[in-house]
Amino acid sequence: MTANIDNAGARTPAETTGTGAPVSGAPDDLTGPWRDAALAPEVRADALIAAMTLREKISQLFGVWVGASDEGAEVAPFQHDMEEVVDLDDLLPHGLGQLTRPFGTAPVDPAVGALSLSRTQERIAGANRFGIPAIAHEECLAGFATWGATAYPVPLSWGATFHPELIREMAAAIGRDMRSVGVHQGLAPVLDVVRDARWGRVEETIGEDPYLVGTVATAYVQGLESAGAVATLKHFAGYSASRAGRNLAPVGMGARERADIILPPFEMAVRESGVRSVMHAYTDTDGIPSAADGPLLTGLLRDTWGFGGTVVADYFGIAFLKTLHGVAGTFGDAAGAALGAGVDVELPTVKTFGGPLTDAIAEGAVPEALVDRAVRRVLVQKAQLGLLDADWRPVPPVLAAGADGSADGNSEALRGTVRLDTDENRALARRVAEQAVVLLRNDGTLPLAVDAAAGAPARIALIGPNADIPTAVLGCYAFPVHVGGRHPGTPLGIELPTLREACAAEFPHSEIVTTRGADIDGPDTGGFGEAAELARSADLVIVALGDRAGLFGRGTSGEGCDAENLALPGIQQHLLDTLIDTGTPVVVTLLAGRPYALGRAADEAAAVVQSFFPGEEGTRAIASVLSGRTEPSGRLPVSVPRHPGSQPSTYLAARLGHSSDVSSVDPTPAFGFGHGLTYTAFGWSDLVVEHGQASTDGEFTLSCTVRNTGAREGTEVIQVYLHDPVASVVQPVQRLIGYVRLDLGVGRAARVRMTVPADLASFTGRDGHRIVEPGDLELRLSASSTDARLTARVTLTGPVRTVDHTRRLHMSTTTEILMEAP
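Here the structure is a predicted model, which is why all the values come from computation and not from measurement.

Caption draft 1: Highlighting the overall build of the chain. Each helix and strand counted, the chain has 24 helices and 30 strands in total. The globule rule puts the C-alpha radius of gyration for 822 residues at 28 Å, and the 27 Å found for the chain is close to it. Across its three principal directions, the C-alpha atoms of the chain cover 85 × 70 × 50 Å. Across the 822 residues of the chain, 64% fall into the buried class. For the chain, the proportion of contacts with a sequence separation of at least 24, taken over those separated by at least 6, is 80%. Summed over all atoms, the accessible surface of the chain reaches about 27,500 Å², with 50% contributed by carbon and sulfur. Each charge class in the chain was averaged separately, 65 positive and 99 negative side chains, and the resulting centres sit 3 Å apart.

This is the structure:
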């Protein structure tokens, strides 16, 4: 999507620098103070801006969508149906802000792609007067989205781990891989809080609770940034609250829901993670598109929270102000509205920030000071990344390790020399997948014996549309799904064992017989007869159901793949009921992007194992949980509905949002947020409230003991929910304010002490300010939102207290492992 190239890229003969010198194009000003790495990035940016023409400044504010060459040549512009042709020869003499997805646009060998990017950066820096290269960005929603890179579990699985430290470790590995080949910025994580599970992008979210989303996303950002990669918070803000769960539909929530549910994860990440970029949302809230929302992008994000990085556009989002939202009459108007609101960079390519913005400034419709404000942020970030340094070179680390460290390598000699799916990465992907598997139901059938002598099933019928599909573990932003579908002759690039293969390896003494039974979303019941016959002839049925990830209607889950209701896609529920009717024990396994109602299976299946697109090691993780080699430890990041039509519904609902006598629709879930079973048992006891009364600026202290009373080691997650019985505005019945993950051996116990600041009881009051009110509260120590184990009744005293963005966001905990029980 580009602007008129005559306006966006061509130099006029009279164009000069700020000092009156003519623009020459090629590097001729490489000794200015902006090259001095000893100076502060802000000082360097200011010096460079003073020397730049308007066109040179604007050129730093947009990107070009490109694809790396699999022959090692320079990148080629990628054509999209929303774009015009880009002429790099016209654009590059003024510079370029960003390169969009050089690795994530088409399959390319990582080493050869690094060479292609290196040569392109050399060209970009060589074409502009100041020798400034571009920032290269990629998607990294579930791993570096390029051919041959590790496909980690999707964010909904991150939430299921309740393990921020593990997600931080994963993100650091992703960041290292991106930086190794010359990529600077990753477009992740997604901090949207699920409000309606029919929304197609639920798989990209971390869950339905803002505290869980905030803690896990903040850890992801910390990991990515620790590797030197710029993380990007998205989508700011409210995208997931679209009406009826439809992609890009208007958002009708009130200011209080926005403040108390949607914004807290972003606030936490900005305060605690060191994040350097934020992406605006596509949607409008109450008629104001996020891309043109100055109070949001500047007033709140920058002036209140103190964010100092760049705000980038979601792809084509600035142009959408004209084409979709209708709040701009021209692309110049759209550019001015976005720039004025606080958007700094247009992505994925130039449509509004090129010629239309230049013309709007010339006409006096947009002040040049807004360009200066945005370009300063961009150049500060480039200075932080080392892209303005005098010793900057285009060669990324994987090529610099070569014999001569040059970018003039032989592409064929390089091919296959860089591996982005290392053994270490796969092991990490396996750990995340294992800890994200959620055991929803178990009548004692699981774990399954592996050895024949121990009672392994002689014959297992593995049935279902996801039983033997390699890509069933991948979400819509995994490269083989997101891009690979357009290149059917290209190998997947990574090993993706099917569930059939994983089960065959896990249960070597069992005969595995397989049939699809039905397609993911097809209507044909012709396979039911064979499926039922196999089920009746087997000792056990494992049925593999769920989603097919895709984009814009090409899947059942993913961007633009919204659902009318939460029934299993197609005729999968009919297949499931048919298998249950055979009388053979049925273990349901779900490889899905969202939660689905399971009908009779919620009560009648032998077991239900939920996974959310668990990545390349996902089927092995599922198989190892089925056998008990891995103890199940995941917890639901979203509620699983009992009825398919009860949306929108999350556990974060006020009293009238739950089951009541005034509505015939019962939103009570089959399995609530935070639910997850184990193969052992835990006892919770000895609740002590040390300080049960506190002022509105004080804190409570309480402690309890959790003991593994079963015969196997296991993981328990203490979830702390706050219930406010009486408040000045309607509150959710309860909300998560903290959690503690405990790994305990047989007979082992832990004494957990929690200090809960009164700030965690704050909410947005009637006047729009966040307050802490005096009154009685309950702190529920729970195994899930539907399973409170211990309840501490506490009281806040004193005056109503107003708090702000400096309030405390977390309870503090200490854990003491007690001696083994006798």
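Next comes the rest of the description.
Caption draft 2: Representation of the confidence of the model for the chain. Per-residue confidence for the chain gives a mean pLDDT of 93, with 95% of residues at or over 70. Low pLDDT (under 50) marks residues 1–23, which in the prediction has 65 contacts with non-local residues, meaning those over four places away or in another chain. pLDDT under 50 marks residues 403–407. Its contacts with residues more than four places away, or in other chains, come to eight contacts.

Caption draft 3: Quick peek at helix α20 (residues 499–506). Within α20, the full set of buried residues consists of L499, A502, C503 and E506. Burial along α20 is one-sided: seen end-on, the buried residues are contained in an arc of 95 degrees. In this structure, the buried residues of α20 make contact with β12 (459–463), β13 (511–515), β14 (540–546), β15 (586–592) and α24 (618–627).

Caption draft 4: Focus on empty space enclosed by the protein. For the structure shown, the criterion picks out five cavities of 30 Å³ or more. Of the volumes computed, that of the largest cavity is approximately 70 Å³. Along its surface, the largest cavity is lined by 16 residues, and T146, A149, A151, F479 and P480 are the ones closest to its centre. In the lining of the largest cavity, the residues fall into 12 nonpolar, four polar and no charged.

Caption draft 5: Structural view of the side chain of E631. Among the secondary structure elements, E631 is positioned in the loop between α24 and β17 (640–641). For E631, a relative accessible area of 16% corresponds to the buried category. Of the polar contacts made by the side chain of E631, one reaches the side chain of R712; its length is 2.6 Å. Once residues lying within four places of it in the same chain are set aside, the contact partners of E631 are Y679, R712 and E713.

Definitions and limits used
- Residues numbered from 1 in each chain as written.
- Predicted model: local features only at pLDDT ≥ 70, side-chain atom pairs only at ≥ 80, totals over all residues.
- Heavy atoms only, no water.
- Helix = DSSP H or I, 4+ residues; strand = E, 2+ residues; numbered from the N terminus.
- Rg over C-alpha atoms; globule rule 2.2 N^0.38 Å.
- Buried < 20%, exposed > 50% of the residue type's maximum accessible area, 1.4 Å probe, protein only.
- Contact = heavy atoms within 4.5 Å.
- Areas by Shrake-Rupley, 256 points an atom, 1.4 Å probe, with all protein chains shown as cover.
- Lys, Arg positive; Asp, Glu negative; His and termini not counted.
- Charge placed at Lys NZ, Arg CZ, Asp CG, Glu CD.
- pLDDT = per-residue confidence, 0-100.
- Arc of directions from axis to C-beta.
- 1 Å grid on protein atoms, 1.4 Å probe; cavity = no way out; pocket = protein on both sides within 12 Å on 5 of 7 lines; lining within 4 Å.
- Points joined across faces, edges and corners; volume = space filled by probe spheres on them.
- Nonpolar A, V, L, I, M, F, W, Y, C, P; charged D, E, K, R; others polar.
- Polar contact = N/O pair within 3.5 Å; in protein donor to acceptor, adjacent residues only side chain to side chain.

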